[in-house]
Amino acid sequence: MECPTCQRIITIPEGGVKAIPQNLHLGFEVEVAGCISKIGSDGEKSCDACIDGSMGPAVVFCCTCHHLLCKPCHDHHKRNKILQHHQMVGLDKESLKVLPSIMKPTEHHCSPPHHEKEEFKFYCETCQLLTCKDCTLVLHKDHRIDEVCNIAKVHRDAMREALVCAQEVTSKLTRAIDANDKMAEQVETCRENATLIITQAFEQLHQTIEERKKTLLSEMEAISVSKTTALALQKEQLMKMQDEIDRYTEMTSLILQTHTDHEMVALGDLLPTELKATLKKIENVSLTPNQSSDIHVSLHTDTLIKELSIFGDVMDSSPSPSQSTWSSESVAKVMKMYCVKVESMTSKGERYPYGGLQVRAELRPKSHDGAVIPGEVEDHGDGTYTITLTPQTAGPHQLLITMDGQHVQKSPCDLHVRRGYSTLCNPRSSDQL
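Residues numbered from 1 in each chain as written. Predicted model: local features only at pLDDT ≥ 70, side-chain atom pairs only at ≥ 80, totals over all residues. Heavy atoms only, no water.

Let us look at the overall build of the chain. Helix and strand content of the chain: 8 helices and 18 strands. The buried share of the chain, taken over its 433 residues, is 35%. Counted over contacts in the chain with a minimum sequence separation of 6, partners at least 24 positions apart contribute 59%. Entry remark: accessible area of the chain is about 25700 Å², with carbon and sulfur atoms responsible for 52%. (Helix = DSSP H or I, 4+ residues; strand = E, 2+ residues; numbered from the N terminus. Buried < 20%, exposed > 50% of the residue type's maximum accessible area, 1.4 Å probe, protein only. Contact = heavy atoms within 4.5 Å. Areas by Shrake-Rupley, 256 points an atom, 1.4 Å probe, with all protein chains shown as cover.)

Throughout the structure, instances matching the rule amount to 1 aromatic pair. Between Tyr-352 and Tyr-354, the ring centres sit 5.4 Å apart and the planes meet at 75°, which makes this aromatic pair edge-to-face. (Phe/Tyr/Trp six-rings, centres within 6.5 Å; stacked < 30°, edge-to-face > 60°.)

Take the nonpolar core next. Across soluble globular proteins, nonpolar side chains show a tendency to be buried alongside one another. The biggest cluster of nonpolar side chains holds 25 residues, and the ones touching the most others in it are Leu-275 and Ile-282. Mapped by element, the contributors of at least two residues to this core are α5 (148-202), α6 (210-258), α7 (261-267) and α8 (270-283). Here the element with the most residues in this core is α5; it accounts for 11 residues. With residues up to four places along the chain from it excluded, the contact list for Leu-275 reads Ala-162, Leu-163, Ala-166, Ile-245 and Tyr-248. Membership of the second largest hydrophobic core comes to 22 residues, among which are Val-342, Val-359, Leu-363 and Leu-399. (Core = buried A, V, L, I, M, F, W, Y, C linked by side-chain atoms within 4.5 Å.)

Here we come to the side chain of Arg-156. Topologically, Arg-156 is positioned in helix α5. Classification of Arg-156 as buried rests on a relative accessible area of 15%. Once you skip the residues sitting within four places of it in the chain, Arg-156 turns out to touch Leu-256, His-259, Thr-260, Asp-261 and Met-264.

When helix α3 (residues 93-102) is considered as a whole, its buried residues turn out to be Ser-95, Leu-96, Leu-99 and Ile-102. Buried residues along α3 cover an arc of 130° about the axis, so they all sit on one side. Opposite the buried face of α3, at more than 90 degrees from it, the exposed residues are Lys-93, Glu-94, Lys-97 and Ser-101. (Arc of directions from axis to C-beta.)

Judged by pairing direction, the sheet is antiparallel, and its 3 strands sit side by side in the order β5-β4-β6 without closing on themselves. The sheet is open, and its two borders are formed by β5 (129-131) and β6 (145-147), each paired with just one other strand. Strand-to-strand, the axes of this sheet are offset by a mean angle of 35°, without reference to chain direction. Judged from the 3 bridges that link them, strand β4 (residues 122-124) and β6 form a sheet pairing that is antiparallel. Counted as the bridge partner of Cys-124 is Ile-145 from β6. Its contacts with the sheet put α5 on β4, β5 and β6, and the angle it makes with β6 is roughly 85°. (Pairing = 2+ DSSP bridges. Axes fitted to C-alpha atoms, helices over the stretch in contact; angles between N-to-C directions.)

To continue, consider the packing of α5 against α8. Think of two packed helices as two axes; the pair is described by the angle between the axes and how far apart they sit. It is the contact of α5 with α8, at a shortest axis distance of 10 Å, that shows an interaxial angle of 25°. Considered as vectors, α5 and α8 are oriented roughly parallel to each other. α5 and α8 meet at a crossing whose hand is left-handed. Facing Ala-158, Met-159, Ala-162, Leu-163, Cys-165, Ala-166, Val-169 and Leu-173 of α5, the residues of α8 in contact are Leu-271, Pro-272, Leu-275, Leu-279 and Ile-282. Residue composition of the contact of α5 with α8, grouped by class: 13 nonpolar, no polar and no charged. (Parallel < 35°, antiparallel > 145°, perpendicular 65-115°, else oblique. Left-handed = near helix turned anticlockwise from the far one by under 90°. Nonpolar A, V, L, I, M, F, W, Y, C, P; charged D, E, K, R; others polar.)

A cis amide bond, omega 0°, links Ser-411 with the succeeding residue Pro-412. Tracing the backbone through its elements, the reader meets Pro-412 in the loop between β16 (406-407) and β17 (413-417). Look at Asp-404: it is not a glycine, yet its phi comes out positive at around 55°. Here Asp-404 is to be found in the loop between β15 (395-403) and β16.

Taken across its 9 residues, β15 has 7 buried, putting it largely inside the fold. As paired elements, strand β11 (residues 359-365) and β15 share 7 bridges and run antiparallel to each other. Bridge pairing links Ala-361 to Ile-401 in β15. Strand direction decides the pairing type here: β15 and β17, joined by 5 bridges, are antiparallel. If you follow His-397 over to β17, its bridge partner there is Leu-415. In terms of strand pairing, β15 meets β16 through 2 bridges, oriented antiparallel. From the neighbouring strand, Thr-402 faces β16, where its bridge partner is His-407. Hairpin remark: β15 followed by β16, antiparallel, with 2 residues in the connecting loop; positive phi at Asp-404, about 55°.

Right, here's the structure in full:
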């Protein structure tokens, strides 16, 4: 069945629905809501402690016993050594406001037919159940047993660790969003500069070239809109991730502040597991802007006046990692240099003729035994790069090549290194490269 609270699929235990572990925190919240409704009801309220209610109406509410008390029972509480430390509130509306913050959860005890009223002080890791001292000796004999406080500490530590990771990722996402905003501003500035260049050039010409002017501006706007849209989509994705991390952070912080040991054990590792899964997804997301600010305008106002119909050009002069290609040797040997050649391309599939790009490569063994091998990159200054790597161990590897923080075509790619030779395969194709 599916849990209505967390949508987690759970298996019904042998004991049926009654054997499903309770949500202790939610149960306490329901109990608080019931007490508030009870106190806030209209009319005279009877004492919960008196047998027949003959001692008078209730005047206070005990936040520890969760009982309405008349004046004599209240006085008895104050005179009793065991009960005198219980916290009381009045039955007025102001007291209802502070009740959730001072009301204490009831202790959780073993239930019939086992050892009724025995407090849950242990946790059976084998059965994943809270248990009392007597049950550990009878129903959970030879099981892995630990104290509730120890198990709760493990869950709290896991939550704190996940919270620290979330805060670090949040900081990275914030910086990435800021960088995205700055890049969008630069794109807008370049758009304005390109518009000025085009406008000044066409002011020198007659009506014959006005239609061509509109065409070039349209191309320029398309590039600008494409860049701005791509940056906006990336920013939206980053902000969604940040919002998700913030929600987990807020929920985790609240749980650490409000949950008791029993509630922590009942909650288990659900939040840390989901939060770590979310953080794992973020590791595969680029935190650098996916567009550059360049919009290159090339005009020839002093030539080709007779060919006005094809006058000028507007293009995105920045390299496109997704369009950039690479090739490699078909054979590689362990402890032998392995070469990869990378060619940078623009978004239109044209060769990008300049160097200076941040090209990175690394070879990752798929086993946990080997170390990641970084590639040595040589920039030829013409848009081409040579990467050399030296595999240290045989076995399956993964080759990753990035350009300005983004993967190039066919990256990552599986590389099976053998002592004699290796074959490089496109993971999306059965063809060998």
